[in-house]
Amino acid sequence: MSLMELQDKSERVYMSTGLRRQTSAEIVSEARRSLRTLATQRPFTPQEKHRQLFGESSSRALDGRPPSAFSLHARHFEAPDSRPGSGTRLSPLEHKPGLSVSLDEDGGVDEATLPKPPAERGNARIGSGGSRAKLLRAASINRLPPMRPNSKNMSLEARTGADQPGDREKLHCSDVTEHTTNSSSETDLHILTKHRILQTASSARGSKPEVKLGHGDTGDDNMDESVFWKTKVLPVLQDFESFAPGDAVSDETVGELCNACNGLHDALAEKGMLGRQFKKRSAILRTLFRLIDVGSDQLNLTLAKLILALNVSGNNLLNICKLIFKISRNASNDALFLNGCILDSLLSLLHCEDVWSKGEAVLYCVGSLKLLSGNSALSRMLLSKGFIGVLLQLSKRMMHGPSSTSANITSHKSEGGGQRIIAGHILVQVTAALRNIADQSESRPSFLSSKAFSTLCLILENHRKDLDICINVARIFSKLSTYTECCHALAESPRCCSVFLDLLSKHSRKQDLVVRLLFTLGNLTAKSTEARERVYEEEGGIDVLLDLFQVYQETPSSPKQCRAPESEDVLVKLIRLLANLAIHPTVGTALAANTLCVQLLLEVLECRCVQESEELVINAVATINNLSFYQGESSVVHSQHTHISQLLLKLLLSSSMDAVLEATRVFGNLSQIKDVRHFIMQHKVEQYVVTLLDSKTPDVCFSACGVLINLSADPENRAMLRATGTVQKLIDCLRDFGPQDWHLAAVVCQTLWNCSLDGELQHTQELLEILRFYTDRGALHWPSDEGVRQVQEACWELLFLPVAERLRRRFYIEDIIT
């Protein structure tokens, strides 16, 4: 190559265009680039001071939500239904009764045609025979009588009904109460006769007789049940009856009672008599309810497990769920739940298809699980039991509404609005429990495999007016979106960005909701190109963000007035979102041309002090840096380059190295403009930039080189740069960082090339020695890790080697000529 040819090539200078590295190799695509995503801390979620259904910050009115504090005693439980669900049916009588029986429209027996006992004579017997018959018919709604201390003196068998052969006919009749009373024989006869007539009428309509005695098909099974009752159940119940409310009970005694309850549970389970199958289930429940007044949380939890296993319903189910909730409110009781048995019972209740008929009971059930999920050990235990899947399925059932055959919800029996209210309360507990469980790193696979993100987005969309639900879901997303795989799963939910923007518009003043939605959107746009496009393409989406910017961009009336830290946190997350959006070429070009967007960012730099609002100021500068990449004619950043340069100059003089780095990066883009280069030299900014080369941080050196490349493109600036010792500092930087960062080494060589265009460089021999070593692939030491080595070799070959060889040839020829 002739000297003339070399001089012709010397007229071509390197410029830092701010473009992504120009290479087609995908393996180099992750190297440093001018456009960067921003990271920030997840919004802090304070732990509730008290365990309750709804937190202190709940949007629900105190008088319109179920209570968290209440008292429960044995008297609050109803006497169990006297008809056990054993499926027992009596065979029809072999002869038809000679009674005139008329059927009503539903196929039932007309009450008027039934034989009745003699009418009462006078008023003297009122309250004995007649009133007792009424009591018998209303047995299913009687409240439990208070347990008296001397109840142990009365035979339990006398209270629950003796199982004698003569009474077997009564035991087989499901309409006859198990709680025998001293009612008149005429009344008993009336009830028994009514039952026989019903069976006969059913047979007359063509139904086939079905004989089932308990669990077996023969009377022997009934005899086995009687033996089981007398040998296994009755002695335990008699022991329970010996305890009276108010008596002081030692821990040892409580332990014995718990063991007895567990033994009874196991015995019933072994005989298949849990649920509603055991005919004397009501006697067991009555005794268990009375034990609640002993007042031990450990005992009550053991009782609750057995009572739930006996499949109580209605008010009893509600009260037992309330009892468990009351116990779970005390964090010191968490250890009682660690054996997992009661957790299985609660989860089994949530599996019920018809949750609407158990509405308030389900509420307290999920509320208990929510409180317990705040304990890390219990949270992991629940996770192992499929807790996330159970809650998501429950959520879907609550959103679909009750089936046409479902009973109305407890306490809201008439209006569909009441059903929606209780469903909302339940979903608050569900989403709060999921929020707690999301803290466990082990929960992520379950969230991903159960497609939780689409379900949670649907909950947000359907309950966008319920702030409690929205905040809980937003907290779940803010936790999980910090993980790449969860972030991509959320981004794949088609409606997530649309729902987020709609909530930001509707609840713009709800800071705790807004900050978490912005944080989640920032995570999505940091990792997903599709998310950037969706936010931009959503109608009015950018306007929503800029409106929020104006809402939270508070300007104090006086310099001494403090700004709310919550507002600043919102701005930090919002500006970070704008920076991440600007990575997309279409979105970045539009934002750079948006006057309001650029003006709001500049207001942050004008009104905020980096010492007091460092993260906010740095994010604003980083966003301006991303926008300065797009320097078309429509760019507002380009047209306001002078004002921006003045604001950046203040940051270069700050004590925050992060602020200095970001300001230098912006100058690296803006210094493509000749007026900005003149501003830098006029205010001697280049001297400060040169000192940044002494930094031991590759990022700082890289940003400084970006500015120096553009400055050295002007012939009038090169001599001044050489005079400040720029060349020596560049050579030192090349020696120190070359093998670690070939992209930085390439930029250093480009800067040295520009600085040497119209003058002789000092330290040429030192530079040539470094270049000879760095351009010899065999002499270099490469990482042992294959993946890292491939990246470094690609950067060395595609970025560093071309410019290093060019620089080396130039100095080699000059050495020959001289």
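Residues numbered from 1 in each chain as written. Predicted model: local features only at pLDDT ≥ 70, side-chain atom pairs only at ≥ 80, totals over all residues. Heavy atoms only, no water.

- As named in an unreviewed UniProt entry, the chain is Armadillo repeat-containing protein 2-like, taken from Cyprinus carpio.

## Points about the overall build of the chain
(1) Moving on: Looking only at helices and strands, the chain has 38 helices and zero strands in total.
(2) Moving on: Residue pairs at least 24 apart in sequence account for 77% of intrachain contacts in the chain once pairs closer than 6 positions are excluded. (Helix = DSSP H or I, 4+ residues; strand = E, 2+ residues; numbered from the N terminus. Contact = heavy atoms within 4.5 Å.)

## Quick look at the pattern of salt bridges
(1) Moving on: All told, the structure shown has 20 salt bridges when counted by the stated rule.
(2) Moving on: E461 is the salt-bridge partner of R464, the closest N and O atoms lying 3.9 Å from each other.
(3) Moving on: Its salt-bridge partner being R665, residue E662 comes within 2.9 Å of it at the nearest N-O pair. Here E662 pairs with R665, and both are found in helix α30 (residues 657-670), just three residues apart, close to one helical turn.
(4) Moving on: You can call R665 buried: its relative accessible area is 16%. (Salt bridge = Lys/Arg side-chain N within 4 Å of Asp/Glu carboxyl O. Buried < 20%, exposed > 50% of the residue type's maximum accessible area, 1.4 Å probe, protein only.)

## Observations regarding the environment of I680
(1) Moving on: Tracing the sequence through the fold places I680 in helix α31 (residues 674-682).
(2) Moving on: Relative accessible area serves as the criterion here: at 1%, I680 is assigned to the buried category.
(3) Moving on: Residues I680 and L711 lie 31 residues apart in sequence; the distance between their C-alpha atoms is 8.6 Å.
(4) Moving on: Setting aside its immediate chain neighbours within four residues, I680 contacts F667, S671, V685, E686, V707 and L711.

## As for the side chain of N754
(1) Moving on: Inspection of the secondary structure assignment puts N754 in helix α36 (residues 742-755).
(2) Moving on: A distance of 3.1 Å separates a polar atom in the side chain of N754 from the backbone oxygen of I709. (Polar contact = N/O pair within 3.5 Å; in protein donor to acceptor, adjacent residues only side chain to side chain.)

## Digging into the confidence of the model for the chain
Detailed reading of the predicted coordinates is not advisable wherever pLDDT falls low.
(1) Moving on: Of all residues in the chain, 72% attain a pLDDT of 70 or more, and the chain-wide mean is 78.
(2) Moving on: Counting interchain partners and residues more than four positions distant, the pLDDT-below-50 stretch residues 95-114 has 29 contacts.
(3) Moving on: Scored below 50 in pLDDT, residues 158-218 makes 114 contacts in the model with residues more than four places away or belonging to other chains. (pLDDT = per-residue confidence, 0-100.)

## Observations concerning the packing of helix α20 (residues 496-506) against helix α23 (residues 541-552)
(1) Moving on: Between α20 and α23, whose axes approach to 10 Å, the crossing angle comes to 40 degrees. As far as their axial angle goes, α23 and α20 are oblique. Two packed elements cross with a definite hand, and for α20 against α23 that hand is left-handed. In this structure, α20 uses L501, L504 and S505 to contact α23, whose residues at the interface are G541, V544, L545 and L548. (Axes fitted to C-alpha atoms, helices over the stretch in contact; angles between N-to-C directions. Parallel < 35°, antiparallel > 145°, perpendicular 65-115°, else oblique. Left-handed = near helix turned anticlockwise from the far one by under 90°.)

## Some points on the environment of L661
(1) Moving on: Mapping L661 onto the fold places it in helix α30.
(2) Moving on: Placed 39 residues apart in sequence, L661 and A622 show a C-alpha to C-alpha distance of 9.6 Å.
(3) Moving on: Residue contacts for L661: discarding those within four places in its chain leaves D699, V700 and S703.

## Some thoughts on the packing of aromatic side chains
(1) Moving on: With the rule as written, the count across this model stands at 12 aromatic pairs.
(2) Moving on: Pairing W782 with W796 gives two aromatic rings, centres 6.0 Å apart and planes at 80 degrees, and the pair type is edge-to-face. Here the residue W782 occupies a position in the loop between α37 (764-774) and α38 (786-817), and W796 occupies one in helix α38, the gap between them amounting to 14 residues.
(3) Moving on: Exposure remark for W782: the relative accessible area of 16% places this residue in the buried category.
(4) Moving on: Connected via pairs of aromatic rings, a cluster forms that spans W742, F773, Y774, W782, W796 and F800.
(5) Moving on: When the ring centre of Y483 is taken as reference, the NZ or CZ atom of R444 above it lies at 3.7 Å.
(6) Moving on: The positively charged end of R810 is found above the aromatic ring belonging to W753, 5.1 Å away from the centroid. (Phe/Tyr/Trp six-rings, centres within 6.5 Å; stacked < 30°, edge-to-face > 60°. Lys NZ or Arg CZ within 6 Å of the ring centre and 35° of its normal.)

## Side note on the packing of helix α35 (residues 726-737) against α37
(1) Moving on: The interhelical angle for the contact between α35 and α37, taken along N-to-C directions, is 25 degrees, at an axis separation of 11 Å. Between α35 and α37, the interaxial angle falls into the category roughly parallel. For α35 against α37, the interelement crossing comes out left-handed. Seen from α35, the contacting residues are Q728, I731, D732, L734 and R735; seen from α37, they are E766, L767, I770, L771 and Y774.
(2) Moving on: Here the contact of α35 with α37 is composed, by residue class, of six nonpolar, one polar and three charged. (Nonpolar A, V, L, I, M, F, W, Y, C, P; charged D, E, K, R; others polar.)

## Quick word on the side chain of S498
(1) Moving on: Within the secondary structure layout, S498 lies in helix α20.
(2) Moving on: Reaching out from S498, the side chain makes a polar contact with the side chain of E538 at a distance of 3.2 Å.

## Re the state of the cysteines
(1) Moving on: Inspection of every chain in the model, using the stated rule, returns zero disulfides.
(2) Moving on: Here C457 is not cross-linked by a disulfide; its sulfur's nearest cysteine counterpart is in C496, at 5.2 Å.
(3) Moving on: Accessibility expressed as a relative area gives 6% for C457, which makes it buried. (Disulfide = S-S within 2.5 Å.)

## Here we look at helix α14 (residues 387-400)
(1) Moving on: End to end, α14 covers 20 Å across 14 residues, agreeing with the expected 20 Å (1.5 Å per residue, within 8%).
(2) Moving on: Most of α14 sits inside the fold, with 10 of its 14 residues counted as buried.
(3) Moving on: Of the positions making up α14, those classed as buried are F387, I388, V390, L391, L392, L394, S395, R397, M398 and M399. (Expected span 1.5 Å × (residues − 1).)

## Points about the nonpolar core
(1) Moving on: L268 and L545 are the most contacted members of the largest nonpolar core, which has 227 residues in total.
(2) Moving on: Ranked by residue count, the leading element in this core is α36, at 10 residues.
(3) Moving on: In contact with L545, not counting residues within four places along its chain, are L501, L504, L518, V535, L574, L577, L578 and L581. (Core = buried A, V, L, I, M, F, W, Y, C linked by side-chain atoms within 4.5 Å.)

## Notes on the environment of A590
(1) Moving on: The residue A590 is located in helix α25 (residues 585-592) in this model.
(2) Moving on: For the pair formed by A590 and I542, sequence separation is 48 residues and the distance between their alpha carbons is 9.9 Å.

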